[in-house]
Amino acid sequence: MSPSSPEPRDLLLVDDHPIILVAVKALVESKMPGYRLHCAQTQADGLEIAERVKPSLAVVDMVLPDGDGLELIRRLKDISPACRVLVFSMQSELRYGPRALKAGASGYLMKGDRVAALFDALQMIEAGRVYCSPALTDEMMRSWSKNPAAGIETLSDREFQVFRLMGEGHSTKEISKLLEISTKTVDSHRENMK
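As the structure is a computational prediction, the values presented were derived from the model and not from experiment.

(A) Summary view of the packing of aromatic side chains. All chains considered together, the criterion is met by one aromatic pair. Each ring, one from Y96 and one from F160, has its centre 5.3 Å from the other, and the planes form 75°; the classification is edge-to-face. Linking Y96 in helix α4 (residues 93-103) with F160 in helix α7 (residues 157-167), this pair joins segments that are 64 residues apart in sequence. F160 matches Y96 in its accessibility class, with the two residues each being buried. Across the ring face of F119, the terminal group of K31 is positioned such that the distance to the ring centre comes to 5.7 Å.

The structure is reproduced here in structure tokens:
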């Protein structure tokens, strides 16, 4: 690297699917020179890397074997406040997108989207803008214009986590263990959701 070359920036990829890590890494290396890439398959490893390198850009999945994507986004922003986070997930953008943005993400992209959309989204958030698909933008605008007083939108993030795990068929005890909260707290969240 010549003395006039800018210092490379750090980009963190967190996804539990190795093929996704390889594909995103290849795209970034070919289209976005100037980034040092760091890959992790768990939330714990991603946070350890983030503590060490303070990434300026991160691409994260919403569901990881050892944690929740919303919590990962918040913790990444605590570690590196200037980090721009793109969620790249198979989870419904209409359900998770607004929550991810509220947690501090700069964009949300579905894994089923076209490959070029990933590069577009990364360029957009790298420039300090927010990336949302037209469908997510429309849904958020409709939701905000209606300002619903009830429904899934009104659940706290923790209630939403419990709701999601209930929907996946987990028992109270399993949810308690996964979220590291007491079974009484899980039951309390269930009651609040009713």
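That shown, we press on.
(B) A look at the environment of D16. Structurally, the position occupied by D16 is in the loop between β1 (9-14) and α1 (18-31). For D16, a relative accessible area of 25% translates into the label partly exposed. Distance in space between the C-alpha atoms of D16 and L64 is 6.2 Å, their sequence separation being 48 residues. Every residue in contact with D16, bar those within four places of it in the chain, is listed here: Q41, D61, V63, L64 and P65. A polar contact of 3.2 Å, which involves the side chain of D16, links it to the side chain of H17.

(C) View of the sheet that holds β1. Taking strand neighbours across the sheet as the criterion, the five strands line up as β2-β1-β3-β6-β7 in an open arrangement whose pairing is parallel. Edge positions in the open sheet fall to β2 (35-40) and β7 (107-110), since each of these has one partner strand only. Adjacent strand axes in the sheet meet at a mean angle of 20°, parallel and antiparallel pairs treated alike. In this sheet, strand β6 (residues 84-89) lies alongside strand β3 (residues 57-60) in parallel orientation, the contact comprising four bridges. Paired with L57 across the two strands is R84, which belongs to β6. Along the sheet, helix α2 (residues 43-53) contacts β1 and β2; its crossing angle with β2, the most-contacted strand, is approximately 150°.

(D) Just the pairing of β7, in detail. Examined bridge by bridge, β6 and β7 share four bridges and lie parallel to one another. Of the residues in β7, the one forming a bridge with S89 is M110. Between the parallel pair β6 and β7, the chain is carried across by α4, and the sense of this crossover is right-handed.

(E) Local environment of unusual backbone geometry. If you check the backbone angles, K54 has positive phi at about 50° while not being a glycine. Positionally, K54 belongs in the loop between α2 and β3. Accessibility expressed as a relative area gives 41% for K54, which makes it partly exposed. Positive phi values are uncommon outside glycine, yet E180 reaches one of about 55°. Checked against the element boundaries, E180 lands in the loop between α8 (172-179) and α9 (183-193). Residue E180 is classed as exposed on the basis of its relative accessible area of 74%.

Basis of the calculations
- Residues numbered from 1 in each chain as written.
- Predicted model: local features only at pLDDT ≥ 70, side-chain atom pairs only at ≥ 80, totals over all residues.
- Heavy atoms only, no water.
- Phe/Tyr/Trp six-rings, centres within 6.5 Å; stacked < 30°, edge-to-face > 60°.
- Helix = DSSP H or I, 4+ residues; strand = E, 2+ residues; numbered from the N terminus.
- Buried < 20%, exposed > 50% of the residue type's maximum accessible area, 1.4 Å probe, protein only.
- Lys NZ or Arg CZ within 6 Å of the ring centre and 35° of its normal.
- Contact = heavy atoms within 4.5 Å.
- Polar contact = N/O pair within 3.5 Å; in protein donor to acceptor, adjacent residues only side chain to side chain.
- Pairing = 2+ DSSP bridges.
- Axes fitted to C-alpha atoms, helices over the stretch in contact; angles between N-to-C directions.
- Right-handed = clockwise from strand over helix to strand, strands pointing away.

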